[in-house]
Structures are given as C-alpha cells and as structure tokens.
Amino acid sequence: MPVTQAREISAAKRLENVRYAIRDLACVADEVIKQGHKVLPLNVGDPLNFDFQTPPHIIEAAYKAMRDGKNGYAPSPGVHEALEAIRGEAARKDITTVQDVFVTSGVSETVDLCISALVNPGEDILTPSPDYPLYSAVLCKLGIALNAYDLNEDDAWHPELADIERKLTPRTRGIVLINPNNPTGSLCSRQMLEQIAEIARRHNLVVFADEIYDKLILPDSNGDVTPHIAFAAVAPDVPCITFGGMSKNYLVPGWRIGWGIVSGDAAAVKAYTEGIHRLLRARLCANHPEQYAIKPALEGPQDHLIEVRRKLRSRRDLTQRWCESTPRISCVAPRGAFYAFPRIDIPESDEIFVKELIRQKHVMVVHGSGFGQKPGTQHFRIVFLPDEKTLTTAYAGIADFIRQRYGSA
Ligand SMILES: Cc1ncc(COP(=O)(O)O)c(C=O)c1O
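Residues numbered from 1 in each chain as written. Predicted model: local features only at pLDDT ≥ 70, side-chain atom pairs only at ≥ 80, totals over all residues. Heavy atoms only, no water.

(A) Highlighting the overall build of the protein. Scanning the protein from N- to C-terminus turns up 14 helices and 15 strands. Taken over C-alpha atoms, the radius of gyration comes to 22 Å for the protein, in line with the 22 Å a tight globule of 409 residues would show. Along the longest, intermediate and shortest principal axes, the C-alpha atoms of the protein span 60 × 60 × 60 Å. Residue burial in the protein is summarised as follows: out of 409 residues, 57% are buried. Across the protein, every contact between residues at least 6 apart in sequence was considered, and the portion connecting residues at least 24 apart equals 77%. Accessible area of the protein: about 17900 Å², with a carbon and sulfur share of 52%. Positive and negative charge centroids in the protein, built from 47 and 50 side chains respectively, lie 3 Å apart. (Helix = DSSP H or I, 4+ residues; strand = E, 2+ residues; numbered from the N terminus. Rg over C-alpha atoms; globule rule 2.2 N^0.38 Å. Buried < 20%, exposed > 50% of the residue type's maximum accessible area, 1.4 Å probe, protein only. Contact = heavy atoms within 4.5 Å. Areas by Shrake-Rupley, 256 points an atom, 1.4 Å probe, with all protein chains shown as cover. Lys, Arg positive; Asp, Glu negative; His and termini not counted. Charge placed at Lys NZ, Arg CZ, Asp CG, Glu CD.)

Printed below as a string of structure tokens:
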C-alpha cells in the first residue's frame, strides 16, 4: 500500500457566504427524527409534499415523449414546440418586445446562466433583502460582492426605492425583482414596476423579473384579486429577462423545467443574448422529454389552478388570522405564492428561535436571517402549503413555544 498523508481538501473560499438556510436546518430536524419524533415541515416550498397533484395531462405528455424516443439531447435553447408555447405565454403576459426565449433545468439554471453571462469581476447586481437565497449563492460562486436593497415591511414589502438609489454604483449591471415574492408573499403594484423601470432606464440596468409564482395570486382581505402584472409588459423598452417555469404553477418541481424570456430593445440585448446562448450550448440542454409538457401545460386546461388557489387562499387566511391573534407576532398579509414572513418580537436571534422550535415542538420554519433582513428585526418564513388541520396543529405548537419561552410580551 502506498503511504499517503491524508490532508484536508478545503472548499473554495468564495463559497464561505453561500447559505441555503432552508435545507441547512435539516441537520437539526434529523436529530429530532432520530429521537423518534415526526417533524411538521413548514420549510420547503414543494406543493407535492402536501395535498397537491400534478395535472395528469402534463404527466401524460412527458411520458409520451419518452415513449416516442425523445430521450437524446435536445437543442440547447429548447425544443421548438416548447419555445413557441413560451412565446405564446409571453404574449398572454402582454410582453410585446420578446427578443429570445430559452428553456433551462428549472428557473435555478436560468438565474445562474443569466447572471453569469452578465457580470464581470468588480461589477454587481442589486438583489432584494430578504431574498431567495439562490441569487446570493450564484453571486458568491462568481466571486461577485453582494449588493442588497431593502424590501420595506412598512410598505407591504415593496422594494424601497430610496435604498435602491443609495445602493446603485457605476458598476451595477442589473436588478433582481421577485414578484410575487419569496419569502414575503408580496405583490408589486404597477406604479412600483414603473418606478423600477425608470431607475433601470437611467442606469442602463438589466431587470431580472423572477415571476415563477405569477399564476398563484391570492385575493386581498376584501376578496379582490389584483391580476399579476409582468414587469416586461410595463417596460417593453427596458432590457429584461422574465423567469418562468413549471415547478410551482404546474406542480412539477422535480422535473426541473424553467425558462427565460428576453425582452427590450433588440439592439441593446443582442450581445448579451449571444453570451447566454454560449452558456446554453456549453451545458448541452435542459431535460428533454419534460419539455414536451410545456405546451400542454401552458395551452391546455388550467383547472388545477382554481383548486390550488382555493386551497392557498384558505391556508393563507388561517395563517394570517393566527399571526394577528398571537402575541409577539405581526405579519404583512401575503398576496401571492405560498409564503408568509411574520415578524417576531423576541430577545434572541430568530435562528435560535427556529432551532429550538424544531427541538421542542417539532415544527420546522426558516429563520429570517437566512434570507437577510434589516438589522434589529427578526422574522421567520412559513410555507403555508399543508392542509388546515396540519397548519392548526403547527401554529398551536409555535404559539405554546413563544408563550413558554418568552411570555406574552
Ligand atoms: C423566487 C424563486 N425563484 C426560483 C426558484 C427556483 O425554481 P425552480 O424549481 O424552477 O428551479 C424558486 C424556488 O423555490 C423561487 O422561490
């Protein structure tokens, strides 16, 4: 046997700030599960963990594609009929200046490719705080310093325009807008989209409009539904990539199907789009047979969405009532997606709060510091996908925990 000295292989230093709190908490949950307890998972945004089913005609389309031999590599940008269906979807979203569309392995890959194709070392992209952690992870991976702008809890979690202006530098290349938002569940008004477009025009920014939850809009407290407004529809001239996908609206997160819709002035986005295509070719293609489900999903029956929104509305209302009646908790009512981001008034960190909550009550939520938040504030994110009975049990456990550990304020 050759004599070797085992030396530790260190991970790249630039990964030090990569956090994915949603999954990191799993270690604490594992401890509790090993002790024989069942953990109520209010932490992962996967509807298929709960009482939501993929529409059968979508499954049939992917299955048929496999049986028909669509099992080789696909064209790098995506298969023709899927691209046409995504163009149709862009038209329904009133996006009139589409310059390009492409299919990726989930919106996660769209985010990675589009950011990688844009930023040079020393440049930056404005990301929201709190944010969906993938954005900061991709930027860390690229060695790009984070430049986060605040979402304003006192203004329904809308982007804080003054903070965006403060954070802009001559080297800022783009801005991420997640609408409807994860983790806050907020929805942007048309006026807010117009104001962001104005900033993008003045500073020549690319807007990354993450609209993966665009069909999951919930009624407000009066029962009124505000239709989702695509950023690219409000600002057809602004260079924009709209991110969309199948994971949430069509209940197939495990298929890993997403897409990007490039819009704006043709000459302005040409070189950048070519850069994206270089990366699309380098990674060969997105999942092939599943792409044949995109057209039936976008153009076929949408009945499942009625049922999904009905369940989400009832669960959102239950969540909101609980937030309003529980000492130390306050919450901006979610208007879309399936997340609530309550504020909690406690004398210790929200990370300790969620870890102890898992250990003592076996309920798993994610701490606000895992998404970023204003210093001095504490929050946690609830995924309100479970049925009403499960949520009621979970909320009773959280309320007990708060009372026992902190008193009722
Ligand atoms: C805002 C946001 N963007 C992107 C994603 C990633 O989606 P996909 O499953 O398409 O990779 C998620 C997943 O939770 C998300 O919440």
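(B) Summary view of the environment of Arg171. Position of Arg171 among the secondary structure elements: in the loop between α7 (161-167) and β6 (172-178). Residues Arg171 and Leu205 lie 34 residues apart in sequence; the distance between their C-alpha atoms is 10.0 Å. Each residue touching Arg171, except ones within four places of it in the same chain, is listed here: Pro121, Gly122, Glu123 and Asp124.

(C) Seen up close, the packing of aromatic side chains. Per the counting criterion, the structure on display carries 11 aromatic pairs. Relative to Phe371, the ring of Phe341 has its centre 5.8 Å away and its plane inclined at 90 degrees; by these criteria the two rings are edge-to-face. Here the residue Phe341 occupies a position in the loop between β11 (339-340) and β12 (343-344), and Phe371 occupies one in the loop between β14 (366-367) and β15 (380-383), the gap between them amounting to 30 residues. In this pair, the class of Phe341 matches that of Phe371, namely buried. Aromatic pair Phe401 and Tyr406: ring centres 6.3 Å apart, planes at 90 degrees, arrangement edge-to-face. Note on Phe401: relative accessible area 0%, which makes it buried. (Phe/Tyr/Trp six-rings, centres within 6.5 Å; stacked < 30°, edge-to-face > 60°.)

(D) Up close: the nonpolar core. Counting 131 residues, the largest nonpolar core has Phe208, Phe231, Met246, Ile294 and Phe353 as its most contacted members. With eight residues, helix α14 (residues 388-406) is the single largest residue contributor to this core. Apart from residues lying up to four places away in sequence, Phe353 is in contact with Ile344, Ile346, Phe380, Ile398, Phe401, Ile402 and Tyr406. (Core = buried A, V, L, I, M, F, W, Y, C linked by side-chain atoms within 4.5 Å.)

The values reported here are purely geometric and, on their own, carry no functional implication.
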